[in-house]
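# Structural description and commentary
Each chain, letter by letter, is given below.
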Amino acid sequence: MASPLEDVLANEALLKDLVSVAKDAALLQGVLMRTKEEPNASEVVSYAPFTMFPSPVPRPLFEQAKQVQRDFNLLVDRISQDTEFLEQALASTIKVDDFTAQLFKIYRQVLQEGLSQTIVLGLNRSDYMLDYGKDGSTSLKQVEINTIAASFGGLASRTPTVHRHILKVAGKSDEGVRIPDNNPAKGLADGIAKAWEMYDSKSAVVMFLVEDFQMNIYDHRFVENELWSRNIHVIRRTFDEVCERGSLGQDKRLFIDSLEVAVVYYRNGYMPQNYTEQRWEARLLMERSRAVKCPDISTHLAGTKKVQQELARPGVLERFFPDDQEAVVRIRATFTGLYTLDMGEEGDRTVAMAIADPDQFVLKPQREGGGNNIYGEDMCKVLHNVKESSERTAYILMDKIRPQPVKNVLLRRGAPLTPSTCLSELGMYGVYVRQGKEMVLNDCVGHLLRTKSTEHDDGGVAAGVAVLDNPLLC
Ligand code: GSH
């Protein structure tokens, strides 16, 4: 796609001048990350990787993504309450995928014990690419929905100011108005604050469940500080700290270091390597507790790839929206082809189809955190190896979405200054709070545009592949 900033991108001398303007603007706005060398110290930090310029996004597709977010919030929330559906959808996956099986074990245990909390808090991000059709049309296609640790809402709240400043210095101030305002940090905090308020204990805290290595801490801090500004006490604890010092008190209230926890906000716990046997115990402890979990175990499961694939089957969305055909149509319009690899004829057809034309598809395991998908020759190898065994049901197959490449400059610590051919992914942040049967909050609270070089098939910002960006609405 032609960028409206093509003249600037071709001007080498200007780009050189803009590099330090851009990096300093990011530092001044707090678009920061800790370094790999010192992931747990704030003594020396760097800018979070970002693009020099915003990337073009058609306004109607941006609006479509915003509008469908409330439907997705309802969908995720309804799936999380449908035990029969989750059992059926994940039956084949949990036989072969240990991670999903562990999550499912906790889910069953919590169900059996009976839910100890009726307040549900969902903070998610639905990610899309803009598929460029052979007829020249562009359409919004969902990549996935992240129901746990959906990140970068904090930093994304500050990047519009950075890009507007860069455009001004580049002599393109007029373009700045096409960058939409964005404040997911506030919206995510609104959701957490609502759940905290409904928990109804002034002295209880919000606990961010964090990693051992916390490079992305500033992203968290924007949300934390929004909560502190409302006089909500926030603590940060790791799984190991919960293992050592967490306990359940009366009525299954969750305590750590003598503090009662009203809300557990998971920014960790979405990958197998986040867990040890003890940490699984800690996850179970938190899930059994009366604290509001974001996400609770059923909402975590609702975000799996297998569920995403099952939703694309005819009639399944209708199950969740029996009286709202319009929501079904809005959601379905964002789906691309999704195919089962379950044992049986349908799964056999999927294998054959993928091997015959690997470039059209992506093979996805049940993993979060980026960089797990399998493409091309590698996909064929994996499928050849697993096609006769139930191991194949650990994956789903999806049509490859093909956005139009755009030129941009990716600014990353230590990387050379050269314009790259890039692809972008647009995410929308969804926030909802439910108590029992009543939805008390359901909103789209902002967006995230991430851009990566076309050299990489897969991977987000946390995985070190994509960088932060902003839409330039056109
Ligand atoms: N633990 C880190 C944090 O909490 O900031 C990273 C969490 C993470 O990787 N979250 C995924 C995500 O939103 C969803 S499970 N990734 C976006 C990206 O890396 O671009």
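Since the structure is predicted, the reported quantities are computational estimates derived from the model, not experimental observations.

Before going further, it helps to spend a moment on the packing of helix 3 (residues 59–80) against helix 16 (residues 325–332). Contact geometry of helix 3 with helix 16 gives a least axis separation of 10 Å together with a crossing angle of 105°. The pairing of helix 3 with helix 16 is recorded here as roughly perpendicular in orientation. The residues of helix 16 that touch helix 3, namely those facing Val68, Asp71, Phe72 and Leu75, are Ala327, Arg330 and Ile331. Counted by class, the contact of helix 3 with helix 16 contains five nonpolar, no polar and two charged residues.

Apart from glycine, the bulk of residues carry a negative phi angle, and the bulk of peptide bonds sit in the trans form. Residue proline 295 is bonded to the preceding cysteine 294 through a cis peptide linkage, with omega at 0°. Relative to the elements of secondary structure, proline 295 occurs in the loop between strand 12 (292–294) and helix 13 (297–302). The backbone of serine 258 shows a phi angle near 65°, a positive value even though the residue is not glycine. Note that serine 258 resides in the loop between strand 10 (254–256) and strand 11 (259–266). Given a relative accessible area of 74%, serine 258 falls into the exposed group.

To continue, consider the side chain of glutamate 144. Here glutamate 144 shows up in strand 6 (residues 138–146). Judged by its relative accessible area of 16%, glutamate 144 falls in the buried class. For glutamate 144, the side chain forms a polar contact with the side chain of lysine 305, separated by 2.9 Å. Sequence-distant contacts of glutamate 144, defined by excluding residues within four places in its chain, comprise Arg125, Ser126, Asp127, Lys305, Gln308 and Glu368.

Close to the ligand lie 17 residues, the nearest being Glu211, Asn216, Arg450, Val461 and Ala462. Between serine 151 and the ligand, the recorded distance is 3.0 Å, taken from a backbone N or O atom to an oxygen atom. Within the side chain of glutamate 211, an N or O atom sits 2.8 Å from a nitrogen atom of the ligand. Contact with the protein chains covers 96% of the free accessible surface of the ligand, which is 500 Å².

Bringing the UniProt feature "domain: Glutathione synthase substrate-binding" (unreviewed entry) in the chain into the picture now. UniProt feature "domain: Glutathione synthase substrate-binding" (unreviewed entry): in the numbering of this structure it lies at residues 204–302. Helix makes up 38% of residues 204–302 and strand 28%, whereas the separation of the span's terminal C-alpha atoms amounts to 28 Å.

What follows is about the side chain of glutamate 175. Structurally, glutamate 175 can be placed in helix 8 (residues 173–176). Not counting chain neighbours up to four residues away, the residues in contact with glutamate 175 comprise Pro4, Leu5, Leu167 and Leu472.

Membership of the largest hydrophobic core comes to 66 residues, with the highest contact counts inside it found for Met52 and Phe53. Here phenylalanine 53 is in contact with Leu5, Val8, Leu9, Leu15, Leu18, His163, Ile166, Leu167, Asn408 and Asp469, once residues within four sequence places are set aside. Core analysis: the second largest hydrophobic core is formed by 65 residues, Val57, Leu90, Met271 and Leu426 among them.

Taken domain by domain, the chain consists of domain 1 (6–336 + 401–473) and domain 2 (337–400). Look at where the C-alpha atoms of domain 1 and domain 2 centre, and you get two points 25 Å apart. The interface of domain 1 with domain 2 comprises 30 residues on the first partner and 27 residues on the second. Both sides together, the interface formed by domain 1 and domain 2 hides about 2500 Å², and carbon and sulfur atoms give 49% of it. When the buried area of domain 1 at its contact with domain 2 is split by residue, Lys305, Thr336 and Arg402 rank highest and sum to 25% of it. Summed over the shared surface of domain 1 and domain 2, the number is five salt bridges. The residue aspartate 359 makes a salt bridge to arginine 402 at a minimum N-O spacing of 3.7 Å. Counting across the interface, domain 1 meets domain 2 through 17 residue pairs in polar contact (both at pLDDT 80 or more). Contributing elements (two or more residues each) for the side of domain 1 that touches domain 2: helix 4 (83–96), helix 5 (98–113), strand 6 and helix 14 (305–311).

Calculation rules
Residues numbered from 1 in each chain as written. Predicted model: local features only at pLDDT ≥ 70, side-chain atom pairs only at ≥ 80, totals over all residues. Heavy atoms only, no water. Axes fitted to C-alpha atoms, helices over the stretch in contact; angles between N-to-C directions. Helix = DSSP H or I, 4+ residues; strand = E, 2+ residues; numbered from the N terminus. Parallel < 35°, antiparallel > 145°, perpendicular 65-115°, else oblique. Contact = heavy atoms within 4.5 Å. Nonpolar A, V, L, I, M, F, W, Y, C, P; charged D, E, K, R; others polar. Buried < 20%, exposed > 50% of the residue type's maximum accessible area, 1.4 Å probe, protein only. Polar contact = N/O pair within 3.5 Å; in protein donor to acceptor, adjacent residues only side chain to side chain. Near = heavy atom within 4 Å. Areas by Shrake-Rupley, 256 points an atom, 1.4 Å probe, with all protein chains shown as cover. UniProt positions renumbered as here; feature names shortened; annotations may be inferred. Core = buried A, V, L, I, M, F, W, Y, C linked by side-chain atoms within 4.5 Å. Domains from an automatic or database assignment. Buried area = accessible area lost by both parts, 1.4 Å probe. Salt bridge = Lys/Arg side-chain N within 4 Å of Asp/Glu carboxyl O.

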